[in-house]
Amino acid sequence: MNCELLATCSALGYLEGDTYHKESDCLEGVKDLIRYLRHEDDSRDIRQQLGAAQILQNDLLPMVVQHHQDKALFDAVIRLMVNLTQPALLCFGKVPQDPVFRHHFLQVVSYLQGYKEAFANEKVFGVLSEKLYDLLQLDWEQRQEEDNLLIERILLLVRNILHVPADPDEEKKVDDDASIHDKVLWAIHMSGMDDLIKFLASSQTEQQWTLHVLEIVSLMFREQTAEVLASTGQSRSTKEKEKDTHELDLLRQREMAEKKSRNFHRGSRHSRFGGSYIVQGLKAIGDRDVVYHKALHNFKSYSHDTGKAIRKVPKRKQLAKETLEKRRSAINVRLFLKEFCIDFLESCYNRIMYLVKDNLIREKSEQHDETYYLWSMAFFMAFNRMYRFRAELVSETVSVRTFHFIDQNLTTYYEMMLMDKKEYTSWSRRMHLALKAYQEVLMTINEMDHAKDEVVRESSKVIKNNIFYLMEFRELFLTLFRKFDETKQPRSFLKDLVETTHLFLKMLEKFCKGKNNILVQKKKVKRKKKSKAHPQAHGAQARSPAELEKLWCSLSEQLSSCANNTEGVSEEVVPFDAASDIPVEEQRVEAMVKIQDALLANRGAEAVSLLRAAREVWPEGDVFGSPNLELEEELLLLKQILTVELPRQSPPEPEDTEELDNEVEDEEMASVQVSETEFNFMDYMKRFANCNVIKPYFLLLKNYMKNSSHTNHCIVKMLHRIAYDLKMDALLYQLSVFCLFNKIVSDPAASTYKEMVGLAKYILNKFFTLAATNHKAFVELLFWKNTNTIREMFEGYQKPIDGEGDGRKKPTKWTPAEEEELRNLYLRFKEVEDVDVIENIMAHLKQQKRTRKQIANHLVSMGLADSIKEFKRIRKGIGIVIWTEDQEMEVQRLFEEFQETDDVLGNILKNITVKRSRAKIVEKLISMGLVSDRKELHKKRKKKGKPAHMTEEEFLNECGVDAREGMLSDEEELSDDYDDDEDEDDDHDRELAEYKVQRRKKEEKMSKQEDRASTGGPSDRVLQGLVRVMHQEGLAGPVLWLQNCLNRTADNREEDGISPPVPIVPLTEENEDAMENEEFQKLLKKVGIRPPANEQESFWRIPSKLSPEQLRRLATCLVLREDLDVTQTSEAEKEQHHPQSDKCQQTPSEEPHQPSSDKQQQLPNDGQQQPSNDKQENQPSEEQRAEALRALMQARKKKRTPILQEDKVVEASTTVENKLEADNSDNEMRVEKKAASKRSRLVDSEDEDMEATEAAESRNLDKAHAEPESDSEENLIPVKRKRPRIEEEEED
């Protein structure tokens, strides 16, 4: 031992007899030991030295027992013991593989086992129980932080002691004998610690210790089984006696058979003259027959492997070891544990399981704490089922949510077992715990079916209806059987899986019996892989040259007129798909196909537009003609495009548009279709008729002598369902299965396995009946079979027809004529540049059933090519890879120019000369060092709110021109230009559709803002009615509290600049009662406050979409106003007396003859009514307004409709000037009319960044159409609810 450590231990004190004398600096010595442990090395040397010196047994435990009055010393000693007794796995992280560290690990474990033996003392646990009891007596106001720490350390110390594994080689205890673990449990019982644990589990004020309590309880029952504890103290039942008698009879029969066999083998003479024999037909190492030198009665056990060294099985192929060891404790310990289980179920189980699951879902617990939850569920539900079953005691864990929770954990554990291969043992054990919990829930539901109470039986029926309806629960067992791996999962897991499957099928069969039209959920995953381009006979290839020539004659006049008349040709056509994964520069062939399709469909204007647009996008090589192309040359180029053969994509499989909206396109597009279908039990059973499901059954059947009778019955029942019910007995025709059947039939105790023997004889009879007609059945024994093979065994084998069958069948050989044809075609096309030789050969071969690979391989075999690599596919497209110096300088210039904008990358993509993909430009910017992270190029979001400066629409409105009319006129002009094309091809009118959708959305938003702007609207009247009801019911206080919450949230959102969902937490009893009131909840829903979305939320929340202005307006609406109508009238009179003050809020586009019933008044706001004299003095002259307006209108026309003629802009500006003159003359008349008929309007113009956000808004709108509720939290609510919409906003 280290000298300093030895001196510190010596300074603690000494033990004289039963009295421990502590030194004066004992407390400092304990703190020094804690400090030493904090700085120990990886081998845990300090811990080992303290364990070898037995500090805990000789010093620490006597201190606890005799000096527990010293609070400081007691706290320090408990802290030190918690550190010393922590599990070895926590010290080393995992079981070390290195021999040296593994030795240290085992040494620490041995010291822990010594500590556990020392803790088997009633005095130690008596002191701990007394201290824990005194601490729990303190109220929360009196309890300090040190007290909570001491409670937690005492619980951790008990946990650590119970966690120490047993040493069976050292203890050598048998059943019904007291082990060290039993002694510790008895000390806990005698000290009263078990009562404190039950109190912590049931107390409402001690919820923070629930996870520690559940862990301690699970460790207490670690070596116990629920069946043994439930039967403790009771007389043996008749069933148990019959079971024991059956087992004894089985052993007696096997013993008698072995004795008879020995007597038969015993000869009358000694064996030295047994003689030698030649075994004919059995060859030895050479060509001669085997010479056998032993007696003939031993010949059945002869094998060539006799005398050979046993080959070592690799570690990765060894069978998984069993980790769970059960034993029967002493009778007094079992009685104490049984009483503990009964009390725990009656007063603690439902509550503690609810709290623990809540902590697991909210991720408040530590990693892998769900294993204790799953173990407790399986153990206590099994105990309740076997001991006076009462369904109400375990109601918390009998639900569909429990099935879903276990199913999720099973899937997670299996995935982790595959990924974390070094720790697969621990993941396999957790998977076994989840399966046991699943089994016990099913058995409890099955037990509820036989309950006397009608309510319990109805509850069981409802639960079964739900779990049988969902597809996930029906597919679970099939998945587990197919994924079973005997090297990672022990036989006990397979045993529980077989028994659970048997129970599930039994319950499902009983549920379906006598019922028709049982509907279940069905999920179908549709996958549509990306098709590969290959030449097909559609398009121009499907028409003869004469038809194409005739079509061209009818198209030539139309194309000439379109090319001469630019009005009919749209310049807004996009020849590429911006949303495609293929880069723009590689979509040249698709653009050519689009032009050909337009010509074939007799759409000349569209074809000319596409050709000219493609010429601008891909000017390299003059593929679409030179920029200075004349009319005749352009028509000639269109004729060539019409008649040329172009490679086309294979047509996609037809699918519903609703499914395609939800697809995520990566390497393949997949959509999950959920539907209902009628359930057929026999169809479901056919899915078990698979060799991957049957193999685990026979793997378990090999241990039929060690299996329980129930396990063997489950196996035989499944095989009987497959062989007899489904008539799929041929699936069991396998040589290893027959060897197992032979072993069962020849077993001396075969009379006790009547079910297995009967099944084996039935299958063997069926096989020999088949073998009489099909002699190849003996060969089929060597292989596992599928349904196609089984059908061929009974109906006959079919020879594959040439060109039919599956794609793996080899075609007929090449004839000399075909080889000559192939040689001529190869010599014809091999010199043609930029052409795929194989594709041309495939298109001209007479034998069209040859694949590309077959043709390439045969060309190599004929010696025409050296390697198959010469025939790689030619990649279509331009494929720009190298950046020139000018292009790099251009990118750098554009980045510096748009660096301060909101969308840097979007502006660069719009202004760059050579079009490249977004990813390539991002990589280039990073490689040039202009940006260090991709996040710097993300589009910046603007904060919502009214801009301080004057927007374009406000300027138009102030000038007397309706901005909305201007927008609509722009839309009409654009729609006129696109009217000829928009119904023909959706790919070429995307920009027009985006423009229309954007304008329509802005119009709806502006109109709905107008509808929401006034105080006398219907929503306010509804709110006032609900507020009046709240006051009548005496809930004026909660309404005022809700109003303060809204105002406080509005202030916080204005200060922070962010708007997360804010929970409303009631802190008084009055507010808590109001939150449970249905009328008050209606008021919350009308205000827009969202209820808890799922079980993870407990409080109502103010959603993030409500702005501070909306929150303040809602808070104002919650004030009870008796004179609402009088207030509206007075506000209308004020508006008539002050028409000039509201001029800035009025829109000239409102018609003066609007009905008065549609009038809406705005909330009174003194800040908006200001004198306008100063503004009128500072206003520019009418000529300056006209000039500015003319420039603005020209910029808008140029940005949105560049194809408009200049004379239209002049006409628009002239019209604006006329309107301005009319405005000067009729100003007063218009104001009076507007004051009577106009609705107030809030304008929030965002046209400054229209071009940069156009694509993003279109995508958001499409997403809004596909998903009406974009809020992920709201989507989790299973019940649809109507919520009041305070203000229409764009959904994310």
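Residues numbered from 1 in each chain as written. Predicted model: local features only at pLDDT ≥ 70, side-chain atom pairs only at ≥ 80, totals over all residues. Heavy atoms only, no water.

What to know about the overall build of the protein
Piece 1. Scanning the protein for helices and strands turns up 56 helices and nine strands.
Piece 2. When burial is assessed residue by residue, the protein has 42% of its 1292 residues classed as buried.
Piece 3. Looking at the protein alone, contacts between residues at least 24 apart form 75% of all its contacts between residues at least 6 apart.
Piece 4. When the accessible surface of the protein is summed, it comes to about 73900 Å², and 50% of that surface belongs to carbon and sulfur atoms. (Helix = DSSP H or I, 4+ residues; strand = E, 2+ residues; numbered from the N terminus. Buried < 20%, exposed > 50% of the residue type's maximum accessible area, 1.4 Å probe, protein only. Contact = heavy atoms within 4.5 Å. Areas by Shrake-Rupley, 256 points an atom, 1.4 Å probe, with all protein chains shown as cover.)

A look at helix 48 (residues 1078-1087)
Piece 1. Of the residues making up helix 48, those classed as buried are F1080, L1083, L1084 and V1087. For helix 48, the angular spread of the buried residues around the axis is 100°, confining them to a single face.
Piece 2. At the N-terminal end of helix 48, a side-chain oxygen is found 2.9 Å from the backbone nitrogen of E1079, two or three residues along, and the residue is N1077.
Piece 3. Just beyond helix 48, the residue with positive phi is G1088, at close to 110°. (Arc of directions from axis to C-beta. Polar contact = N/O pair within 3.5 Å; in protein donor to acceptor, adjacent residues only side chain to side chain.)

Let's talk about the pairing of strand 3 (residues 277-283)
Piece 1. Bridge analysis of strand 3 against strand 4 (residues 289-292) gives four bridges, and the strand direction is antiparallel. In the strand pairing of strand 4, I278 is matched with V291.
Piece 2. Remark: five residues form the turn of the hairpin made by strand 3 and strand 4, two consecutive strands paired antiparallel. (Pairing = 2+ DSSP bridges.)

Re the environment of M377
Piece 1. Structurally, the position occupied by M377 is in helix 18 (residues 370-386).
Piece 2. Contact partners of M377, with chain neighbours within four places excluded, come to Y349, M353, T397, T402, I406, A437 and V441.

Things to note about a nonpolar patch on the surface
Piece 1. A grouping of L735, V779, L782 and F783 is seen on the molecular surface, where their side chains present a nonpolar patch of about 390 Å² in accessible area.
Piece 2. Overall, L735 belongs to the partly exposed group, its relative accessible area being 39%. (Patch = residues over 30% accessible without salt bridge, like charges linked within 9 Å, V, L, I, M, F, W, Y side chains within 5 Å. Salt bridge = Lys/Arg side-chain N within 4 Å of Asp/Glu carboxyl O.)

Section: unusual backbone geometry
Piece 1. We note that Q54 has phi near 55°; this positive angle belongs to a residue other than glycine.
Piece 2. Its place among the elements puts Q54 in the loop between helix 3 (45-52) and helix 4 (55-66).
Piece 3. Of note, the phi angle at R388 is positive, near 50°, even though the residue is not glycine.
Piece 4. Within the secondary structure, R388 is located in the loop between helix 18 and helix 19 (400-419).

Observations concerning the nonpolar core
Piece 1. Core analysis: the biggest nonpolar cluster contains 194 residues, and M81, M220 and F221 have the highest contact counts within it.
Piece 2. Each residue touching M220, except ones within four places of it in the same chain, is listed here: L162, H181, L185, I197, F336, L337 and F340. (Core = buried A, V, L, I, M, F, W, Y, C linked by side-chain atoms within 4.5 Å.)

Observations regarding the side chain of K116
Piece 1. Among the structural elements, K116 can be located in helix 7 (residues 99-119).
Piece 2. With no salt bridge to any partner, buried K116 finds its closest opposite charge in E223, at an N-O distance of 6.0 Å.
Piece 3. Other than its neighbours up to four places away in sequence, K116 contacts I161, L162, V164, I180, H181, V184 and R222. (Lys, Arg positive; Asp, Glu negative; His and termini not counted.)

Regarding the packing of aromatic side chains
Piece 1. Under the definition given, this model contains 33 aromatic pairs.
Piece 2. Aromatic side chains W375 and F379 sit 4.9 Å apart centroid to centroid with 10° between the ring planes, which places their arrangement in the stacked category. Of this pair, W375 and F379 are both found in helix 18, four residues apart, which corresponds to roughly one turn of the helix.
Piece 3. Of the residues examined, F379 reaches a relative accessible area of 7% and is grouped as buried.
Piece 4. Pairing F383 with Y387 gives two aromatic rings, centres 5.6 Å apart and planes at 25°, and the pair type is stacked. Accessibility classification places F383 together with Y387 in one group, the buried group.
Piece 5. In this arrangement the basic side chain of K727 is found over the ring face of Y724, its NZ or CZ atom lying 4.4 Å from the centre. (Phe/Tyr/Trp six-rings, centres within 6.5 Å; stacked < 30°, edge-to-face > 60°. Lys NZ or Arg CZ within 6 Å of the ring centre and 35° of its normal.)

Focus: helix 2 (residues 26-38)
Piece 1. An ideal rise of 1.5 Å per residue puts 18 Å on 13 residues; helix 2 measures up with 19 Å between its terminal C-alpha atoms.
Piece 2. Here helix 2 has its buried residues at C26, G29, V30, L33, I34 and L37. Down the axis of helix 2, the buried set is contained in an arc of 145°. They therefore lie on one face.
Piece 3. Turning to helix 2, the residues buried within the fold contact helix 1 (3-10), strand 2 (19-22), helix 3, helix 4 and helix 5 (71-84). (Expected span 1.5 Å × (residues − 1).)

Overview of the confidence of the model for the protein
Segments scoring low in pLDDT should not have their predicted coordinates read at a detailed level.
Piece 1. Residues with a pLDDT of 70 or more make up 71% of the protein, whose mean pLDDT is 75.
Piece 2. Long-range and interchain partners of residues 959-989, a stretch whose pLDDT sits below 50, account for 69 contacts in this model, where long-range means more than four residues apart. (pLDDT = per-residue confidence, 0-100.)

Quick notes on the packing of helix 5 against helix 9 (residues 145-163)
Packed helix pairs are characterised by how far apart their axes lie and by the angle those axes make with each other.
Piece 1. Following both chains from N to C, one finds helix 5 and helix 9 inclined at 40°, their axes separated by 9 Å at the closest point. Classified by the interaxial angle, the pair formed by helix 5 and helix 9 is oblique. The interaxial crossing formed by helix 5 with helix 9 has left-handed handedness. On helix 9, the residues touching K71, F74, D75, I78, R79, M81 and V82 of helix 5 are D147, L150, R153, I154, L156, L157 and N160.
Piece 2. Its residues placed into classes, the contact of helix 5 with helix 9 shows eight nonpolar, one polar and five charged. (Axes fitted to C-alpha atoms, helices over the stretch in contact; angles between N-to-C directions. Parallel < 35°, antiparallel > 145°, perpendicular 65-115°, else oblique. Left-handed = near helix turned anticlockwise from the far one by under 90°. Nonpolar A, V, L, I, M, F, W, Y, C, P; charged D, E, K, R; others polar.)

Here's the deal with a negative patch on the surface
Piece 1. Taken together, the side chains of E1069, E1070, E1072, D1073 and E1076 define an acidic patch exposed on the protein surface.
Piece 2. Mapping E1076 onto the fold places it in the loop between helix 47 (1069-1075) and helix 48.
Piece 3. For E1076, a relative accessible area of 65% gives the class exposed. (Charge placed at Lys NZ, Arg CZ, Asp CG, Glu CD.)

With respect to the environment of L505
Piece 1. Within the fold, L505 resides in helix 23 (residues 491-512).
Piece 2. Here the alpha-carbon distance between L505 and F681, two residues 176 residues apart in the chain, equals 9.1 Å.
Piece 3. Apart from residues lying up to four places away in sequence, L505 is in contact with F681, Y684, M685, F688, M718 and R721.

A closer look at the pattern of salt bridges
Piece 1. By the definition in use, this model includes 31 salt bridges.
Piece 2. Its salt-bridge partner being R327, residue D182 comes within 3.0 Å of it at the nearest N-O pair. Taken together, the positions of D182 in helix 11 (residues 180-191) and R327 in the loop between strand 4 and helix 16 (331-347) put the pair 145 residues apart, joining distant regions of the chain.
Piece 3. Note that R721 and E509 form a salt bridge whose closest N and O atoms lie 3.2 Å from each other.

Focus on the packing of helix 36 (residues 816-829) against helix 37 (residues 837-844)
Piece 1. Put simply, helix 36 and helix 37 touch, their axes get as near as 10 Å, and they point 135° apart. In terms of their interaxial angle, helix 36 and helix 37 are classed as oblique. Where helix 36 crosses over helix 37, the handedness of that crossing is right-handed. Contact residues: E821, L822, L825, Y826, R828 and F829 in helix 36; V837, N840, I841 and H844 in helix 37.

Quick notes on the side chain of E821
Piece 1. Note that E821 resides in helix 36.
Piece 2. Those residues within four positions of E821 in sequence are excluded, and the remaining contacts are H844, L845 and K846.

Observations regarding the environment of Y414
Piece 1. Residue position: Y414 is located in helix 19.
Piece 2. Overall, the relative accessible area of 18% leaves Y414 in the buried class.
Piece 3. Distance in space between the C-alpha atoms of Y414 and Y424 is 9.2 Å, their sequence separation being ten residues.
Piece 4. Non-local contacts of Y414, meaning those with residues more than four positions away in its chain, are made with M431 and K483.

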